[in-house]
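The lines below spell out each chain.
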Amino acid sequence: YVSENFEQLLREAGLLKKIDFSKEGQAIFKWWDEISEFVRKLDKNKKLELGREGEKKTMIYEINKLKKLNIDRNPSWDGFEDNLLGYDVKSWDEELNEIFIEVKASSHPSGIFYLTRNEWNFSLSVKDSFLIHLWVQDQKQPRMISFQELNSKNYKIEDTSNAEWSNIKITPIKIN
């Protein structure tokens, strides 16, 4: 939606003319492409910031958890160094088992997030050592999703059977 004033500005600038193969039409086409690219970069930067903020929250959460459990170890933010690992943070559970945490941050109230094929494959390789910290909007605690829970019926996983995918959309049916 744009206001009447903004629409008038675009019209007067000649940017609402029909795009054709004329020199002027190609210039208009190029201008709209550049605006679209600018908006996509803004969206990508916003998502990156949201994700990094979630990762910071997980690091703080895990540091505090380990202190409360009197475990003299620190979590490591491995995904910051290498985003192809399939997880973001390595930590420990109460029995000193290594856990691998994939951090997701969602601005959507239902907690929709995307899992990459690489993250899914990694979860399959470590199974019960895999955990997702889902930070939904401004919550103070993550929604923790275990490997077992991820494979339960509490999630609507949108994928076509035997399809190739790089990302998979996951919508929690209910959030605690």
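Since the structure is predicted, the reported quantities are computational estimates derived from the model, not experimental observations.

Would you explain the pairing of strand 1 (residues 89-92) in this entry?
For a regular strand, the rule is simple: side chains alternate between the two faces of the sheet. Bridging between strand 1 and strand 2 (residues 98-106) involves four bridges; their strand directions are antiparallel. Paired with K90 across the two strands is F100, which belongs to strand 2. Where strand 1 folds back onto strand 2 in an antiparallel hairpin, the turn is made up of five residues, including L96, whose phi is positive at roughly 65°.

How should the packing of aromatic side chains be read in this particular structure?
We describe a pair of aromatic rings using the distance from one ring centre to the other and the angle between the two ring planes. Applying the stated criterion to the full structure yields six aromatic pairs. Seen from their ring centres, Y87 and F100 are 4.9 Å apart, and the 70° between their planes marks the pair as edge-to-face. Separated by 13 residues along the polypeptide, Y87 in the loop between helix 3 (78-81) and strand 1 and F100 in strand 2 bring together distant segments of the chain. What makes Y87 buried here is its relative accessible area of 9%. Aromatic pair F100 and F122: ring centres 5.4 Å apart, planes at 85°, arrangement edge-to-face. Of this pair, F100 sits in strand 2 while F122 sits in helix 4 (residues 117-126), and the two are 22 residues apart along the sequence. Per residue, the accessibility class of F100 equals that of F122, and both read buried.

Just to check I follow, could you spell out the environment of V89 for this structure?
Secondary-structure assignment places V89 in strand 1. V89 gets classed as buried once you look at its relative accessible area, which sits at 0%. The sequence separation of V89 and V103 amounts to 14 residues, and the corresponding C-alpha distance is 7.7 Å. Those residues in contact with V89, other than ones at most four positions away along the chain, are T58, M59, P75, S76, W77, I99, F100, I101 and V103.

Thresholds applied
Residues numbered from 1 in each chain as written. Predicted model: local features only at pLDDT ≥ 70, side-chain atom pairs only at ≥ 80, totals over all residues. Heavy atoms only, no water. Pairing = 2+ DSSP bridges. Helix = DSSP H or I, 4+ residues; strand = E, 2+ residues; numbered from the N terminus. Phe/Tyr/Trp six-rings, centres within 6.5 Å; stacked < 30°, edge-to-face > 60°. Buried < 20%, exposed > 50% of the residue type's maximum accessible area, 1.4 Å probe, protein only. Contact = heavy atoms within 4.5 Å.

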